[in-house]
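An overview of the molecular structure
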Amino acid sequence: MKKLINSPEAVVTDALAGVAAAHPSLAVDVENKVITRAGAPRAGKVGLVSGGGSGHEPLHGGFVGYGMLDAACPGEVFTSPVPDQMLAATKAVNGGAGVLHIVKNYTGDVLNFQMAAELAEDEGIEVVAVVTNDDVAVQDSLYTAGRRGVGATVFVEKIAGALAEEGAGLDKVAAVAREVNERSRSFGVALTSCTIPAVGKPTFELAESEIEMGIGIHGEPGRSRVPLGSAHEITAAALDAIGADLPLSGDLLVMVNGMGGTPLLELYVVYNEVAKYLAGRGARIARNLVGNYITSLEMQGFSVTVCKLTDTLTQLWDAPVDTPALRWGR
């Protein structure tokens, strides 16, 4: 294992200290592992909280800031944060208008956020949770009952965050979050495994000529192991899987996301294939992201996430955002 760390035990806290040093717009509680906007909460604004295991950076801490999240709770690598973290984050961003929990559909995340919401409500804070479950690859996995929550989480955080920034109420912010999740689908592909620092060896083995179709962001098995093909073939297979679940038509928001170890050069090759595939079916990519947004340590591979836009969702996507990992319009 070759990693730029001091020790496996300290990797998350050391990284959080680095986040604090790099981004003065954030308030980072390294000891309790909570990231909030500096100066939070804002009175009268719905607070947005998300979180999950570390190792998926920039998700979620990189999306804390104007127009997106108010707080993020990083757990240990690939491990859910605990309810105490989530409760602390919820209290820290409560401006009196309630708090939205954006939760990826993994069993630990769902249970711990639910417990935190109950504790927050005992303290008089109104909490609504929206669970993302956009991964079409498998119905159940090692970590989930139902579909996994992956790339659509970024879309939900951005669009719901924009509406909250406008001063909308908790019901409306939660409703648009659910709408984005319902209109989004994702599919991931792995060329290699990744290595969790505390484990010290790859999570799974792939032969040189094999890839995993439908991989999860923790290295969970996908649909199948198949021979390595061209970018054209692999991308078409991923989009075929998405299109079988959600007809690909109209204006689309598309994210080609790197899993942490894939060069941007290759991600643009994949994006070109996505653009040609969708154009051939009469769909239009109205907005896009290409890069590392929800990663799996140093895994080589990519995921594609597609959201069917409406005029309202497009306007909210275009609204100003200012976070470490996503920034425009300000």
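Here, every reference points to the structure presented above.
Every value quoted in this text rests on a predicted model; they were computed, and no experiment measured them.

1. Some thoughts on the overall build of the protein
Helices and strands together make up the secondary structure of the protein, namely 8 helices and 14 strands. Since a compact globule built from 330 residues should have a radius of gyration of about 20 Å, the 19 Å found for the protein is in line with a globular shape. Overall, the protein is about 55 × 50 × 35 Å in size when its C-alpha atoms are taken along their principal axes. For the protein, buried positions account for 55% of its 330 residues. With the model as given, the accessible surface of the protein reaches about 13200 Å², and the carbon-plus-sulfur share is 52%. Each charge class in the protein was averaged separately, 25 positive and 38 negative side chains, and the resulting centres sit 5 Å apart.

2. Focus: empty space enclosed by the protein
Space left empty within the atom packing is revealed by a probe, the size of a water molecule, rolled over the atoms. Taken as a whole, this structure holds 1 cavity of 30 Å³ or more when the rule is applied. Taken as a whole, the largest cavity encloses approximately 70 Å³ of empty space. Val150, Gly188, Ile215, Ile217 and Ser303 are, among the 13 residues lining the largest cavity, the residues nearest its centre. When residues of the lining of the largest cavity are traced back to their parent elements, those giving at least two are strand S7 (184–190) and strand S12 (301–308). With 3 residues, the single largest contributor to the lining of the largest cavity is S7. Taken together, the residues of the lining of the largest cavity break down into 6 nonpolar, 6 polar and 1 charged.

3. With respect to the pairing of S12
Of all 8 residues that make up S12, 8 are buried, and the element is covered over most of its length. Both faces of S12 are covered, namely the face carrying Gly301, Ser303, Thr305 and Cys307 and the face carrying Phe302, Val304, Val306 and Lys308. Where S7 lies against S12, 7 bridges are found, and the strand directions are antiparallel. Paired with alanine 190 across the bridge in S12 is glycine 301. Bridging between strand S10 (residues 251–258) and S12 involves 7 bridges; their strand directions are antiparallel. Bridge pairing in S12 links leucine 252 to lysine 308.

4. Overview of the pairing of strand S4 (residues 71–77)
Of all 7 residues in S4, 6 are buried, a share of seventy percent or more. Pairing of strand S3 (residues 47–54) with S4 involves 6 bridges; the strand directions are parallel. Its bridge partner lying in S4, glycine 52 is registered against proline 74.

5. So, the pattern of salt bridges
The full count for this structure, using the stated rule, is 17 salt bridges. Residue lysine 45 is joined to aspartate 70 by a salt bridge in which the shortest nitrogen-to-oxygen separation is 2.7 Å. You can see lysine 45 sitting in the loop between strand S2 (34–37) and S3 and its partner aspartate 70 sitting in the loop between S3 and S4, a full 25 residues away along the chain. Taking relative accessible area as the criterion, lysine 45 reaches 2% and is therefore assigned buried. Since its relative accessible area comes to 7%, aspartate 70 is described here as buried. Among the salt bridges present, the one from aspartate 322 reaches arginine 330, with a minimum N-O distance of 3.7 Å. By relative accessible area, aspartate 322 is classed as partly exposed at 29%. The exposed category is assigned to arginine 330, whose relative accessible area is 64%.

Rules of the game
Residue numbering note: each chain is counted from 1, following its sequence as written. Side-chain atom pairs in this predicted model are given and counted only at pLDDT of 80 or more, local residue features only at pLDDT of at least 70, and totals for whole chains, interfaces and linings cover all residues. The side-chain figures draw on all heavy atoms in the structure; neither hydrogens nor water molecules are used. Each helix is a run of H or I in the DSSP string that is no shorter than four residues. Each strand is a run of E no shorter than two, and both are numbered from the N terminus. Each radius of gyration reported is based on C-alpha atoms, and the globular scaling rule is 2.2 Å times the count of residues to the power 0.38. Burial classes: relative accessible area under 20% of the type maximum marks a residue as buried, over 50% as exposed, and values in between as partly exposed (1.4 Å probe, protein chains only). Here, Shrake-Rupley sampling with a 1.4 Å probe gives the accessible areas, and only protein chains in the shown set may cover a residue. Note on charges: Lys and Arg go in the positive column, Asp and Glu in the negative column, and His and the chain ends are not counted at all. By convention, charge coordinates are those of NZ in Lys, CZ in Arg, CG in Asp, or CD in Glu. Any residue with an atom within 4 Å of a point lines the site, the site being either a cavity, points on a 1 Å grid over the protein atoms alone where a 1.4 Å probe fits but cannot get out, or a pocket, an open set with protein on both sides within 12 Å along at least 5 of 7 lines. Grid points are joined across faces, edges and corners, and a volume is the space filled by probe spheres set on the points. Three classes are used: nonpolar for Ala, Val, Leu, Ile, Met, Phe, Trp, Tyr, Cys and Pro, charged for Asp, Glu, Lys and Arg, and polar for all others, with Gly counted as polar. Should DSSP find at least two bridges between two strands, the strands are taken to pair. Salt bridges are defined by distance alone: a side-chain nitrogen of Lys or Arg within 4 Å of a carboxyl oxygen of Asp or Glu.

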